[in-house]
Amino acid sequence: MTAESHYHGHDLEALSNLPNYHAWILDGFGPYLGGRAVEIGAGVGTIARKIAPLVDSLEVVEPADNLQAALATTLAGSGVAIHHGSLEQWLAAAEPASRDSIVMVNVLEHVADDRGALVELRRALRPGGHLLLFVPALPALFSPMDEALGHHRRYTLDELTAKVVEAGFSVRTAGYRDLLGVAAWWLVHRVLGNTGFNREAARFYDRVGVPLTRGLERLIGAPVGKNILLVAKA
């Protein structure tokens, strides 16, 4: 995540009210969240608002000028500290071994040098602290939508795991998520070339698709998925 001063996408508005989807992510993160935490790439604060009660303290980092007002409104009265800056700026200022949890939801794919960023994230975590990642998966799904969002890549599970381990972490849990979302993303964004999210379609998928795919993955697992959730220990 470089020092972008303006966020050009409109996905945050369309995806801000998806309680089942966000609960799914946080259910995976929950056992590893705690202590002094930071969320990188907070957007409008949707995830941060849910993380804040689960940790001792929370700070968020967001580079985009045009998201600051919405972020401040979302987190008003929560005690969350807001840093207006890039990942690189935050990492440069972070003291070594100073954080217990670092959360990045749909952020690492925006970072050109993800290997270098992972090394620096490892430095910022105390021994035993956790890096909690949620990223888009499957390079075959890379689409005009990914380009519009500023993604450098979509990950395979093996690729992400290898990069995390190379940076000095041990992987606590890792796996694909959203098996049913693979077909939806492929059709809407690969085949049809759509470069936006439909708010109503997203909410319908949250109400119907997320519970369905969660249930399916409990039964058969997720050999592939639209996303990867990975938790790594420093």
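Right, let's walk through the structure included here. Predicted model only: the values in this text are computed from it and were never measured. (Residues numbered from 1 in each chain as written. Predicted model: local features only at pLDDT ≥ 70, side-chain atom pairs only at ≥ 80, totals over all residues. Heavy atoms only, no water.)

1. Observations regarding the layout of surface pockets
Line of reasoning, step 1. What the second largest pocket holds in volume is close to 150 Å³.
Line of reasoning, step 2. Lining the second largest pocket we find Trp24, Tyr176, Arg177, Arg214, Glu217, Arg218, Gly221 and Ala222.
Line of reasoning, step 3. Elements with a contribution of two residues or more to the lining of the second largest pocket: strand 6 (170–177) and helix 10 (199–220).
Line of reasoning, step 4. Examining the composition of the lining of the second largest pocket, we find that three residues originate from one element, helix 10, more than from any other. (1 Å grid on protein atoms, 1.4 Å probe; cavity = no way out; pocket = protein on both sides within 12 Å on 5 of 7 lines; lining within 4 Å. Points joined across faces, edges and corners; volume = space filled by probe spheres on them. Helix = DSSP H or I, 4+ residues; strand = E, 2+ residues; numbered from the N terminus.)

2. Side note on the pattern of salt bridges
Line of reasoning, step 1. Summed over all chains, the structure comprises 10 salt bridges.
Line of reasoning, step 2. In this structure, aspartate 114 and lysine 163 form a salt bridge, with 2.8 Å as the shortest nitrogen-oxygen distance. In this pair, aspartate 114 sits in helix 6 (residues 114–124) while lysine 163 sits in helix 8 (residues 157–166), placing the two residues 49 residues apart along the sequence. Residues aspartate 114 and lysine 163 agree in their burial class; the two are buried.
Line of reasoning, step 3. Among the salt bridges present, the one from arginine 115 reaches glutamate 166, with a minimum N-O distance of 3.3 Å. Note that arginine 115 is positioned in helix 6 and glutamate 166 in helix 8, a separation of 51 residues in sequence.
Line of reasoning, step 4. According to the relative accessible area criterion, glutamate 166 is exposed, its value standing at 55%.
Line of reasoning, step 5. If you follow the salt bridges from partner to partner, you end up with Asp114, Arg153, Glu159 and Lys163 in one network. (Salt bridge = Lys/Arg side-chain N within 4 Å of Asp/Glu carboxyl O. Buried < 20%, exposed > 50% of the residue type's maximum accessible area, 1.4 Å probe, protein only.)

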